[in-house]
Amino acid sequence: MVRFATSFLAVLFLISISNAQQADWKAPGAQATLALWPHGAPGGAAASAAEADMTTAKDHVVAGRPVMRLGNVSRPTITVYKAEKNNTGAAVVVFPGGGYKILAIDLEGTEVCDWLTSTGVTCVLLKYRVPDTGPLPKSEAALQDAQRAVGMARAHAVEWGIDPQRIGVLGFSAGAHLAAALSTHFEKRAYDAVDAADAVSCRPDFAVLVYPGYLAVAEQNFAANAEIKVTEKTPPAFIVQTEDDPVHVESATIYFQMLKNAKVPAELHIYADGGHGYGLRKTAQPVTSWPGLVETWLRTIKILPSGDPVGEWPKGRAGDYGVDEAKLAAFDADIAAGKFSLVDSFKLIRCGTEIYEKKYAHDYGKIYGKEAVERGPLNPHLTGPYNYFDPAWHPYYQGTELHSMQSVSKSVTSTIIGIAIARGDFKASLDTPVLKYFDAAKTKNVDERKRRMTIRHALTMTTGLDWNEEVAYDDPKNDTAVMEGSEDWVQYVIDRPMAHEPGKIFNYSSGNTELLAQIFQKETGQDVETYGQKFLFEPLGMAHFWKRTPMGLPDTEGGLYLSDDGMAKLGTLILHGGVWNGQRILSHAWVADAMTAFTTSDEEGGYGYGYQWWLWPRKDGGANRYVWMGRGFGGQRLMIFPEEEMIAVFTGWKILGDEPGNAGFVERVLGTVTAKACGVK
């Protein structure tokens, strides 16, 4: 009976597609397009002109590309883009904007669906009726379409592989107003029921509002739109807008305040610059990183799986895997007692099994409360992601499990470059001059030494650029602090004078790694984060957030956030020579080169340095025997012990004064090992 019922529903689904009204606009790459109203839309006559792209040569472009402005829509449809890979069960109904006059159907429609499906979310793109100029009540036809679309998504949940309790809406501009209208007008349909899709709830489970309009009335001193009545039943919302938006940022702030007053969970992001109508297209403006913020928010409200769901380790007792439990407990007690300063977490993986995990709570709002409101090198802007004392940003991102990685970001950046080389997307030789990716005529201090500076030199911290990162990060003479306080980071770095011949002297420079962000973008046409999401973070199931520079590039030198699991998964990939769960992600040759000491540092007795990885020389005999490390400011430590097949992960946030060295951590971890070979009891 179950098989028959499923087949019968599938037949009905196919019939509904075949009977759909012919739409003027054909959605590219969709699995199905359905007429929203099988017998015609309620109360509406057809538009006086045919549905068409209304874009003209005078219309502005976004990120160098035109926008399709679909007008005269009188036959609404929904177009389904299923999340075929890593389907999370979540779904989003997308409402493009356009002032209720047109629909920005690609910028705020199909491109949004491409992003959503890449994150495992099924996308349902609503082509709603326009023009119906202005907000409610003038836009009631659009509200009818929105109610019907969510009802249909919920009614088709089984066929489309989605969870009917995790269906949200995402709207832009007028579409964001429509998302808010639906979020507050769901208890009663604005039309007579048509079929079973109108018998299920049309309440969204969440809403994302991107540069919303019409929620505050400018003519009434930005009073709340009287048609939008928030109650405790209104779904949670994520809202993003810029202060310079000509559509008025008050729409975002007033809706957030109404949600707050009703005790509805909400998250608001206001950026200084960015204007209106950017969609998902990356520009130099930081606001265009909003999709990553949405993904993190969806995890915090349990719409997307939290943490790192792919490839989790089995759990086991340390003693069964050649690790002394008493020594491990003593190490844990010393960490908890503060003998290793401000450690936030400790995880130990051996033989592919998690044998120890511990969190250590600290009240950083209290610890760094004074510094959080004082301008200085670690707080140049007083607010935002580069106030290292702000507990909303450091060490954990917005109260999630994602911890600031700081310079472990460098090791991840190196890994993504290696993946791109293996896949043939990064075609340049590592001996390619860095200046190939910059305009030498606009670069200061160009001499023959700078012309000889290569990608390999940037990877190995031997560019020869004059750079001071030897002093503390809260010292205004630290070049990294100066760079992070500047507008154009890579220009600051590439303009530095030369101090040495490239390839001769190791000089640790976060600026070198930020150069790699621009090099990667120019060479592959994609930024490091976007590429890494597809070929590293997603295959390994690594949740992340990545800060960006004021010019929009990923902060490759220190802006990445990962969970403990994410760090350990990266370590496992490297430990296994670039293979994850039987799938080759990274070439073995890259791993071997990355863990080769091209140069050395005299820090703590002498580290080797490979491709953005530190190599701790082991003290227990033999040359070229190392503990491989990713290290980050504040106490981020990813330690890989290749001979023991063991990975130790530490996070922390000791950012003032001297940070504990690594020797104590390495010695205590190695001191717990009782069996050299990796094996189960």
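Structure: see above.
To start, this report covers the structure provided alongside it. The structure displayed is predicted, hence computed values, not measured ones. (Residues numbered from 1 in each chain as written. Predicted model: local features only at pLDDT ≥ 70, side-chain atom pairs only at ≥ 80, totals over all residues. Heavy atoms only, no water.)

1. Notes on the overall build of the protein
Inclusion rule: In this text, helices come from DSSP runs of H or I with a minimum length of four residues, and strands from runs of E with a minimum of two, each type numbered from the N-terminal end. The globule rule used for comparison is 2.2 Å times the number of residues to the exponent 0.38, while the radius of gyration itself is calculated over C-alpha atoms. Think of it in three bands: residues with accessible area under 20% of the maximum for their type are buried, residues over 50% are exposed, and the middle band is partly exposed, with areas taken using a 1.4 Å probe on protein chains only. Whether two residues touch is decided by their heavy atoms; if any such pair falls within 4.5 Å, the residues are in contact. For accessible areas, the Shrake-Rupley method is used with a probe of radius 1.4 Å. Any residue's cover is judged against the shown protein chains and nothing else. Lys and Arg are tallied as positive, Asp and Glu as negative. Neither His nor the chain termini are counted. To locate a charge, take NZ of a lysine, CZ of an arginine, CG of an aspartate or CD of a glutamate.
Each helix and strand in the protein was counted, giving 19 helices and 26 strands. Compactness check: the protein gives a C-alpha radius of gyration of 27 Å against a globular reference of 26 Å for 681 residues, within 12% of the reference. Each principal axis of the C-alpha atoms in the protein carries an extent, and together these give about 85 × 65 × 50 Å. Relative to its full complement of 681 residues, the protein shows a buried share of 57%. Excluding contacts between residues fewer than 6 apart, the proportion of contacts in the protein whose partners are at least 24 apart in sequence is 71%. When the accessible surface of the protein is totalled, it reaches about 26700 Å², and 54% of it is carbon and sulfur. Placing the 66 positive and 80 negative side-chain charges of the protein at their respective mean positions leaves the two points 3 Å apart.

2. Examining the side chain of Ser139
Position of Ser139 relative to the elements: it lies in the loop between strand 7 (122–127) and helix 3 (140–155). Ignoring anything within four residues of it in the chain, the contact list for Ser139 reads Tyr100, Asp132, Gly134 and His177.

3. Structural notes on the packing of aromatic side chains
Counted only if it meets this: Between the rings of Phe, Tyr and Trp (Trp by its six-membered ring), a pair exists once the centres lie within 6.5 Å; its type follows the angle of the planes, with under 30 degrees stacked, over 60 edge-to-face, and the other angles tilted.
Scanning all chains against the criterion turns up 42 aromatic pairs. Ring plane angle 90 degrees and centroid distance 4.7 Å describe the contact between Trp37 and Tyr191, whose orientation is recorded as edge-to-face. Taken together, the residues span a long stretch of sequence, with Trp37 in the loop between strand 1 (32–35) and strand 2 (52–53) and Tyr191 in the loop between helix 5 (174–184) and strand 9 (207–210) at a distance of 154 residues. The buried category is assigned to Trp37, whose relative accessible area is 4%.

4. Here we look at the sheet that holds strand 8 (residues 167–172)
So the rule is basically this: Only when DSSP finds a minimum of two bridges between them are two strands counted as paired. In this description, a line fitted to the C-alpha atoms serves as the axis of each element, helices being fitted only across the stretch in contact, and the angle between N-to-C directions of two axes falls anywhere from 0 to 180 degrees.
The strand order 1-4-7-5-8-9-12-13 describes an open sheet built from eight strands, whose pairing is mixed. Single-partner strands in this sheet number two, and they are strand 1 and strand 13 (266–271). Averaged over all adjacent pairs, the angle separating strand axes in this sheet is 15 degrees, with direction ignored. Alignment of strand 5 (residues 91–95) against strand 8, held across five bridges, turns out to be parallel.

5. Brief notes about the layout of surface pockets
Note the cut-off: Whether a set of points on the 1 Å grid over the protein atoms alone is a cavity depends on a 1.4 Å probe fitting there but being unable to get out, while an open set qualifies as a pocket with protein on both sides within 12 Å along at least five of seven lines; lining residues are those with an atom within 4 Å of a point. Grid points are joined across faces, edges and corners, and a volume is the space filled by probe spheres set on the points. Residue classes follow a fixed rule: Ala, Val, Leu, Ile, Met, Phe, Trp, Tyr, Cys and Pro count as nonpolar, while Asp, Glu, Lys and Arg count as charged, and any other residue, Gly among them, counts as polar.
When its volume is computed, the largest pocket comes out at roughly 1300 Å³. In terms of lining, the largest pocket is formed by 46 residues, of which the most central are Lys282, Gln526, Asp527, Glu529 and Thr530. Sort the elements by how many residues they give to the lining of the largest pocket and helix 16 (residues 528–540) lands first, with seven residues. Tallied by class, residues from the lining of the largest pocket come to 14 nonpolar, 16 polar and 16 charged.

6. Section: the state of the cysteines
Here a disulfide denotes a covalent bond joining the sulfur atom of one cysteine to the sulfur atom of another. Counted only if it meets this: Counting rule for disulfides: a pair of cysteine sulfur atoms within 2.5 Å.
For the structure on display, the rule yields one disulfide. With its sulfur 2.0 Å from that of its partner, Cys113 forms a disulfide with Cys123. The chirality of the disulfide connecting Cys113 with Cys123 is left-handed, given an S-S dihedral of about -45 degrees. Here the residue Cys113 occupies a position in helix 2 (residues 106–118), and Cys123 occupies one in strand 7, the gap between them amounting to ten residues. Classification of Cys113 by relative accessible area gives buried; the value is 0%. Here Cys202 is not cross-linked by a disulfide; its sulfur's nearest cysteine counterpart is in Cys123, at 19 Å.

7. Brief notes about the nonpolar core
The test is simple: Here the nonpolar core consists of buried residues drawn from Ala, Val, Leu, Ile, Met, Phe, Trp, Tyr and Cys, with membership extended through side-chain atoms lying within 4.5 Å.
The biggest cluster of nonpolar side chains holds 92 residues, and the ones touching the most others in it are Val93, Phe95 and Tyr255. Leaving out residues up to four positions away in the same chain, Val93 has contacts with Val124, Leu126, Ala149, Val150, Ala153, Ile167, Gly168, Val169 and Leu170. Residues Met405, Phe438, Leu515 and Leu562 belong to the second largest nonpolar core, which totals 78 residues.

8. Remarks on helix 15 (residues 510–524)
Applicable threshold: Expected helix span is computed as 1.5 Å times (number of residues minus one). Whenever two N or O atoms come within 3.5 Å, that pair is a polar contact, provided that in protein one can donate a hydrogen and the other can accept it, and provided that, for residues adjacent in sequence, both atoms are side-chain atoms.
Counted at 1.5 Å a residue, the expected span for helix 15 with its 15 residues is 21 Å, and the 22 Å between its end C-alpha atoms agrees. Most of helix 15 is tucked away, with 13 of its 15 residues classed as buried. One side-chain oxygen of the residue at the start of helix 15 lies 3.2 Å from the amide nitrogen of Gly511, identifying that residue as Ser509. Directly after helix 15, the chain includes Gly525, whose backbone phi takes a positive value near 80 degrees.

9. Some words on the environment of Val130
Note that Val130 resides in the loop between strand 7 and helix 3. The class of Val130 is buried, set by a relative accessible area of 2%. A sequence separation of twelve residues divides Val130 from Ala142, and the C-alpha atoms of the two residues are 7.5 Å apart. Val130 has contacts with Leu70, Asn72, Val73, Tyr100, Lys101, Ile102 and Leu103, leaving out every residue within four places of it along the chain.

10. A short note on unusual backbone geometry
The general pattern is negative phi for most residues beyond glycine and trans for most peptide bonds. Here the residue pair Val130 and Pro131 is connected by a cis peptide bond, since its omega of 0 degrees sits within 30 degrees of zero. As for its placement among the helices and strands, Pro131 is situated in the loop between strand 7 and helix 3. In this structure, Pro395 follows His394 across a cis peptide bond, with omega equal to -5 degrees. Phi at Cys351 is positive, roughly 55 degrees, even though this residue is not glycine. Along the polypeptide, Cys351 turns up in the loop between strand 14 (343–350) and strand 15 (353–359). Not every positive phi belongs to a glycine, and Gln398 is a case in point at roughly 50 degrees. Within the secondary structure, Gln398 is located in the loop between helix 9 (364–367) and strand 16 (403–404). The class of Gln398 is partly exposed, set by a relative accessible area of 30%.

11. What about the packing of helix 8 (residues 325–336) against helix 19 (residues 663–671)?
The line we're drawing: In this scheme, roughly parallel covers angles under 35 degrees and roughly antiparallel covers those over 145, while 65 to 115 is roughly perpendicular and the rest are oblique.
One way to put it is that helix 8 packs onto helix 19 with a least axis distance of 9 Å and a crossing angle of 155 degrees. Comparing the axis directions of helix 8 and helix 19 gives the class roughly antiparallel. For the pair helix 8 and helix 19, the contacting residues are Lys327, Ala330, Phe331 and Asp334 in the first and Phe665, Arg668, Val669 and Gly671 in the second.

12. Some remarks on the pairing of strand 15
When strand 14 meets strand 15, the two strands line up antiparallel, connected through six bridges. Looking at strand 15, one finds that Arg350 is bridged to Thr353. Linkage of strand 14 to strand 15, two consecutive antiparallel strands, is achieved through a turn of two residues, within which Cys351 is found at a positive phi near 55 degrees.

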